[in-house]
There are 2 protein chains.
Amino acid sequence: MTTRKFCLSVLVKGETTGYELRKLSRDGLHRYFTDASYGSIYPCLNKLEREGLVTCREETTPGKPVRKVYTITDKGRAAFVEELQEPPFDDTYRSPFLMLALHAAHLPPEFLSERIDAREDELRQRIQALSEELSICSNPASCWTLRSGIETMAAALKFIENNRSELEALSHASSQARVQAAE
Amino acid sequence: MTTRKFCLSVLVKGETTGYELRKLSRDGLHRYFTDASYGSIYPCLNKLEREGLVTCREETTPGKPVRKVYTITDKGRAAFVEELQEPPFDDTYRSPFLMLALHAAHLPPEFLSERIDAREDELRQRIQALSEELSICSNPASCWTLRSGIETMAAALKFIENNRSELEALSHASSQARVQAAE
DNA sequence: GCTCACATGTAATAAGTTACATGATTTC
DNA sequence: GAAATCATGTAACTTATTACATGTGAGC
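Residues numbered from 1 in each chain as written. Chains lettered and ligands numbered in written order. Predicted model: local features only at pLDDT ≥ 70, side-chain atom pairs only at ≥ 80, totals over all residues. Heavy atoms only, no water.

1. Quick look at the UniProt feature "coiled-coil region" (unreviewed entry) in chain A
Reasoning step 1: Within the UniProt annotation, "coiled-coil region" (unreviewed entry) is assigned to residues 113-170 of chain A.
Reasoning step 2: Between the C-alpha atoms that bound residues 113-170 of chain A the distance is 12 Å, and the span itself is 93% helix and 0% strand. (UniProt positions renumbered as here; feature names shortened; annotations may be inferred. Helix = DSSP H or I, 4+ residues; strand = E, 2+ residues; numbered from the N terminus.)

2. Some thoughts on the protein's contact with DNA strand D
Reasoning step 1: Near DNA strand D, the surroundings consist of 20 residues, among which Tyr 42 and Lys 68 of chain A together with Thr 2, Asp 35 and Gly 63 of chain B are the closest.
Reasoning step 2: Of all DNA strand D atoms lying within 4 Å of any protein atom, the proportion belonging to sugar or phosphate reaches 71%.
Reasoning step 3: Residue Thr 3 of chain B places a side-chain N or O atom 3.4 Å away from a phosphate oxygen belonging to DNA strand D.
Reasoning step 4: Residue Ser 37 of chain B places a side-chain N or O atom 2.9 Å away from a phosphate oxygen belonging to DNA strand D.
Reasoning step 5: At the level of elements, α2 (18-26), α3 (38-50) and β2 (67-72) of chain A together with α1 (2-11) and α3 (38-50) of chain B are the ones that each hand at least two residues to the surface near DNA strand D.
Reasoning step 6: The class makeup of the residues in the surface near DNA strand D is seven nonpolar, nine polar and four charged. (Near = heavy atom within 4 Å. Polar contact = N/O pair within 3.5 Å; in protein donor to acceptor, adjacent residues only side chain to side chain. Nonpolar A, V, L, I, M, F, W, Y, C, P; charged D, E, K, R; others polar.)

3. Quick notes on the pattern of salt bridges
If charged atoms from side chains of opposite charge come close, those side chains can pair.
Reasoning step 1: The tally for this structure, following the rule as stated, stands at 34 salt bridges over all chains.
Reasoning step 2: Across the pair Asp 91 of chain B and Arg 119 of chain A runs a salt bridge, and its minimum N-O distance is 3.6 Å. Of this pair, Asp 91 of chain B sits in the loop between α4 (74-84) and β3 (92-94) while Arg 119 of chain A is found in helix α6 (residues 109-135), placing the two residues in two different chains.
Reasoning step 3: Relative accessible area serves as the criterion here: at 11%, Asp 91 of chain B is assigned to the buried category.
Reasoning step 4: Among the charged side chains, a network of salt bridges with common partners joins Asp 117, Glu 120, Asp 121, Arg 124, Glu 161, Arg 164 and Glu 168 of chain A. (Salt bridge = Lys/Arg side-chain N within 4 Å of Asp/Glu carboxyl O. Buried < 20%, exposed > 50% of the residue type's maximum accessible area, 1.4 Å probe, protein only.)

4. Notes on the domain arrangement of chain A
Residue and element names in this part refer to chain A.
Reasoning step 1: As assigned here, chain A comprises domain 1 (2-84) and domain 2 (96-182).
Reasoning step 2: Summed over both partners, the interface of domain 1 with domain 2 buries about 610 Å², with 54% contributed by carbon and sulfur atoms.
Reasoning step 3: Looking at the side of domain 1 facing domain 2, the largest losses of area belong to Gly 28, Leu 29 and Tyr 32, adding up to 69% of the total buried there.
Reasoning step 4: Between the two partners, domain 1 and domain 2, sit zero salt bridges. (Domains from an automatic or database assignment. Buried area = accessible area lost by both parts, 1.4 Å probe.)

5. Some remarks on the interface of chain A and chain B
Reasoning step 1: Tallying the contact residues gives 58 residues for chain A and 58 residues for chain B.
Reasoning step 2: Buried area between chain A and chain B, summed over both chains or domains, comes out near 5500 Å², and the portion from carbon and sulfur atoms is 65%.
Reasoning step 3: The interface formed by chain A and chain B includes four salt bridges.
Reasoning step 4: In this structure, Arg 147 of chain A and Glu 166 of chain B form a salt bridge, with 3.2 Å as the shortest nitrogen-oxygen distance.
Reasoning step 5: Scanning the region where chain A abuts chain B turns up 23 residue pairs in polar contact (both at pLDDT 80 or more).
Reasoning step 6: Secondary-structure elements contributing two or more residues to the side of chain A that touches chain B are α1 (2-11), α4 (74-84), β3 (92-94), α5 (96-102), α6 and α7 (140-182) of chain A.
Reasoning step 7: Top contributing element to the side of chain A that touches chain B by residue count: α7 of chain A, with 18 residues.
Reasoning step 8: Taken together, the residues of the side of chain A that touches chain B break down into 31 nonpolar, 12 polar and 15 charged.
Reasoning step 9: Two elements, β3 of chain A and β3 of chain B, share three bridges in a ladder whose sense is antiparallel. Along β3 of chain B, the bridge assignment pairs Thr 92 of chain A with Arg 94 of chain B. (Contact = heavy atoms within 4.5 Å. Pairing = 2+ DSSP bridges.)

6. Considering the UniProt feature "domain: Transcription regulator PadR N-terminal" (unreviewed entry) in chain A
Reasoning step 1: The UniProt feature table records "domain: Transcription regulator PadR N-terminal" (unreviewed entry) at residues 8-80 of chain A.
Reasoning step 2: Segment residues 8-80 of chain A splits into 45% helix and 16% strand. End C-alpha atoms: 6 Å apart.

7. Describing the relation of the copies chain A and chain B
Reasoning step 1: In screw terms, the move from chain A to chain B is a rotation of 180° and a rise of 0.0 Å along the axis, fitting with an RMSD of 0.0 Å. Both chain copies can therefore be described as sitting about a two-fold axis. Within chain A, the C-alpha atom positioned nearest to the axis of rotation is that of Tyr 93 of chain A, 2.2 Å from it.
Reasoning step 2: Most of the interface of chain A is mirrored in chain B: 100% of its interface residues are interface residues there too. (Least-squares fit on C-alpha atoms with pLDDT ≥ 70 in both.)

8. Comments concerning the side chain of Ser 25 of chain A
All names here are of chain A.
Reasoning step 1: Of note, Ser 25 is situated in helix α2.
Reasoning step 2: Within the structure, Ser 25 has its side chain in polar contact with the backbone oxygen of Arg 22 (distance 2.9 Å).
Reasoning step 3: Discounting chain neighbours no more than four positions away, the residues touching Ser 25 are Phe 6, His 30, Arg 31, Thr 34, Asp 35 and Ala 36.

Set out below in structure tokens:
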């Protein structure tokens, strides 16, 4: 159902293709909704077409593959607004990074530091991507959503920057203990 | 793989049962890793036992159902630390709430306000649950992880509190426009 | 008497991922 | 000449969810 809502969410703002949908789901704002692969997007678009929620036309640009451009219908618009109001799912945050933090004392110090660096970089990149999107954003609701993401991730990043040494100390301490035990 | 890592993550800190694992996955810290159902936990524990990563003993308390208590083995401990170091997955945040925010202008104002209230409540409850866990937490890595979650969610909550009126205004404006168009 | 908490498990189903299949054009 | 980008799609597989199946004891 996530892929479906994501596709409709993009389609209400304008026509698009399966290929573009996949790209959108990988960076920027739409990351908050899904990270879809072709294997979920193409079947989903076909289903939406069968249901009459979108129409499809083929665009042939010479020297390029045929593009199937999808456009939402009035029925599709109505269905989307309906589906948005369906029983709510809670927001979920899944963090392989916090799993590492939780077991910091059992991880090699260099490994842990590398992963903390990687997490900081990831956050910085995502914040920058959203900030760029915000700077060219004209729709107030999109701006709101972008700002929400930027501020939340900024808080997450700041916490890591301010407190990473604590975590790294845990890893060092126990790695020292392991070395001494081996002697 | 999430269920597996979650089970091992709990088991390295002490023995537990399938029933307890499901409860842990639904509130507190472990929500960052999974939200597992019996249908994934029980098969997972059986598999871990077959692989020799955990052992199982049956505890019979008179007048209570038999409990199958699982304990991690040395092999399990080693496997977990290995698996933690496997190629990283990015943290993911999936937000049905931000999907609503993005389409605020097409939603009825009362509906939107209700959902914003619900999201604020959800955040307050989760912040409180983590704070309580923090107040009785003795393991430094767990404390770190809890604080990280608390600060990030506090930032998310603050943003909503400070900016919800903007979103609600969008919904009101377009609902007024719809009424006028109908006249 | 009803509902909640304890406690384990399976089967059918849903949903999505990965790898495969194909192929032209542009950029290095 | 190699790699990346554009572009669509299917098949096999993995993973997890939902609903079902079963049963006791405690509190209201």
